[in-house]
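Descriptive analysis of the structure
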Amino acid sequence: MSLAIISPGRDPKVWIDALKFHQPEIDIQVFPDIQRPEAVEMALLWQHPPGYLSSLPNLKLISSLGAGVDHILSDPAVPESMPIVRIVDEKLTWSMTNYVIMGVLNFHRQLVRYQADQKRKVWDMSNPEIPVKVGVMGVGALGGDVLDKLNYLGFSVSGFGFSEKEEFPYPYFSKEKLEDFLNEINVLVCLLPLTPDTESILNLDFFKKCKPGTYLINVARGKHLVEDDLIPALEKEFLSGALLDVYRTEPLPVNHPFWEDSRIQITPHIASVTNPQAASPQIIENFKRLKMNQPLHNLVNRDRGY
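Residues numbered from 1 in each chain as written. Predicted model: local features only at pLDDT ≥ 70, side-chain atom pairs only at ≥ 80, totals over all residues. Heavy atoms only, no water.

Right, let's talk about the sheet that holds strand β10 (residues 214-218) for a bit. Within the open sheet, the seven strands sit side by side as β8-β7-β6-β9-β10-β11-β12. Their pairing is parallel. On the outer flanks of this sheet lie β8 (172-173) and β12 (264-266), each paired with one strand and no other. Pairing analysis gives two bridges linking strand β7 (residues 156-160) to β8, with the strands arranged parallel. Paired with Phe-160 across the bridge in β8 is Phe-173. Contacting β10, β11 (239-244) and β12, helix α8 (residues 227-235) crosses the sheet at an angle of about 145° to β11. (Pairing = 2+ DSSP bridges. Helix = DSSP H or I, 4+ residues; strand = E, 2+ residues; numbered from the N terminus. Contact = heavy atoms within 4.5 Å. Axes fitted to C-alpha atoms, helices over the stretch in contact; angles between N-to-C directions.)

Moving on, we come to the packing of helix α3 (residues 90-108) against helix α5 (residues 141-152). Close contact between α3 and α5 brings their axes to 9 Å; oriented N to C, the two are set at 50°. The orientation of α3 relative to α5 falls into the category oblique. Crossing angle aside, the handedness with which α3 passes α5 is right-handed. Contacts between α3 and α5 pair Leu-92, Thr-93, Met-96, Thr-97, Val-100, Ile-101 and Val-104 from the former with Ala-141, Leu-142, Asp-145, Val-146, Lys-149 and Leu-150 from the latter. Here the residues of the contact of α3 with α5 sort into nine nonpolar, two polar and two charged. (Parallel < 35°, antiparallel > 145°, perpendicular 65-115°, else oblique. Left-handed = near helix turned anticlockwise from the far one by under 90°. Nonpolar A, V, L, I, M, F, W, Y, C, P; charged D, E, K, R; others polar.)

In total, this model carries 13 salt bridges according to the counting rule given. When the shortest N-O distance is used, the salt bridge between Glu-41 and Lys-60 registers 3.2 Å. Of the two residues, Glu-41 is situated in strand β3 (residues 40-45) and Lys-60 in the loop between β3 and β4 (61-64); the sequence distance between them amounts to 19 residues. Glu-41 gets classed as buried once you look at its relative accessible area, which sits at 18%. Arg-263 is paired through a salt bridge with Glu-235; the nearest N and O atoms lie 3.0 Å apart. You can see Arg-263 sitting in the loop between β11 and β12 and its partner Glu-235 sitting in helix α8, a full 28 residues away along the chain. Sharing partners across several salt bridges, the network here consists of Arg-113, Asp-117, Arg-120 and Asp-124. (Salt bridge = Lys/Arg side-chain N within 4 Å of Asp/Glu carboxyl O. Buried < 20%, exposed > 50% of the residue type's maximum accessible area, 1.4 Å probe, protein only.)

Below, the discussion takes up the packing of aromatic side chains. Summed over all chains, the structure comprises eight aromatic pairs. Measuring from ring centre to ring centre gives 4.9 Å for Phe-31 and Tyr-52, while their planes differ by 80°; the resulting arrangement is edge-to-face. With Phe-31 in the loop between β2 (28-30) and β3 and Tyr-52 in the loop between β3 and β4, this residue pair connects regions lying 21 residues apart in the sequence. Among the aromatic residues, ring-to-ring pairing joins Phe-160, Phe-162, Phe-173 and Phe-181 into one connected group. (Phe/Tyr/Trp six-rings, centres within 6.5 Å; stacked < 30°, edge-to-face > 60°.)

Residue pairs three or four apart in sequence face the same way in an α-helix, which turns once every 3.6 residues. Over its 19 residues, α3 extends 26 Å from the first C-alpha to the last, a length consistent with the 27 Å expected when each residue adds 1.5 Å. Taken as a whole, α3 has its buried residues at Leu-92, Thr-93, Ser-95, Met-96, Thr-97, Tyr-99, Val-100, Ile-101, Gly-103, Val-104, Phe-107 and His-108. Those residues of α3 that are buried are in contact with β6 (133-137), α5, β9 (187-190), β10 and β11. Among the residues of α3, the N-terminal cap falls to Asp-89, whose side-chain oxygen and the backbone nitrogen of Lys-91 are separated by 3.0 Å. (Expected span 1.5 Å × (residues − 1). Polar contact = N/O pair within 3.5 Å; in protein donor to acceptor, adjacent residues only side chain to side chain.)

Another aspect to go through is the pairing of β10. Where burial is concerned, most of β10 is hidden: five out of the five residues are buried. With respect to chirality, the unit in which β10 leads through α8 into the neighbouring parallel β11 is right-handed. (Right-handed = clockwise from strand over helix to strand, strands pointing away.)

Turning to the sheet that holds β2, a few remarks are in order. Strand order across the open sheet formed by five strands is β2-β1-β3-β4-β5, with parallel pairing between neighbours. Edge strands, defined here as strands with exactly one partner in the open sheet, are β2 and β5 (84-85). Together, β1 (2-6), β3, β4 and β5 form the strand contacts of helix α9 (residues 276-291), whose direction differs from that of β3 by roughly 155°.

The next subject is the packing of helix α1 (residues 13-22) against α9. At their nearest, the axes of α1 and α9 sit 9 Å apart, and the two run at 55° to each other. Overall, the two elements α1 and α9 adopt an arrangement that is oblique. Judged by the sense of rotation from one axis to the other, the crossing of α1 with α9 is right-handed. On α9, the residues that touch Val-14, Trp-15, Ala-18, Leu-19, Phe-21 and His-22 of α1 are Pro-276, Gln-277, Ala-279, Ser-280, Pro-281, Ile-283 and Ile-284.

Structure representation (structure tokens):
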């Protein structure tokens, strides 16, 4: 019984070392040099080549190498009956929340403005704080923690999701009340899972519904944002700025207009990066459970997309 790591373009050594630290005898094969495809029963995936899994005749379990699974669900060759699990890690949550707080505070205290003032040697003490009301789209483990920490810091917070919630500790808006949600906030954080319902949700029509001057933070997936609509939304002042960590094409092409627009801050998909040492015990545990035919941890609900 073998485990395969299929993560093109990434160095698999850190994962191999972490997995073998927790279970030295584990049999690991690495794409593209998988010599015994018939032995592979569990595959660890990140941006795998679409259709490749059909070459593994005895595959029984797929694990994402991160919290997201859209890169797996988008492959039509993945059988509907195939169980998929994902990484759930407190460190992932901690890093994501810290990143979002950074973005909110930078907008609230206008760091970009003061950086521009420094270059021009301008001393301007007027209006040092922008009043902030934060709305988080996607209130699972990551979004819920963001709401908790921002609320603790004293910010007004609201949540948005595609399902109804009977009990929620903060104001919550379901999809039928999207405009009410957008009218309540001036900082919008996207932490939605990528599903057919959410792909391209951040578009010009959406931005028209925002309170004028809303600040966008997208840390979910690049495909949530229609990138061609962002600069027009800034020009029309539907938005005042954006902090982006994810993009439709990564790395971001050198000729992309986001590089040169001072209203857009970009980071290279680093808001929350999976730690192999922290994640490996979950993978090993599910590998053992697969062998013993026991219930799996962090099983993905395909209908919800997470």
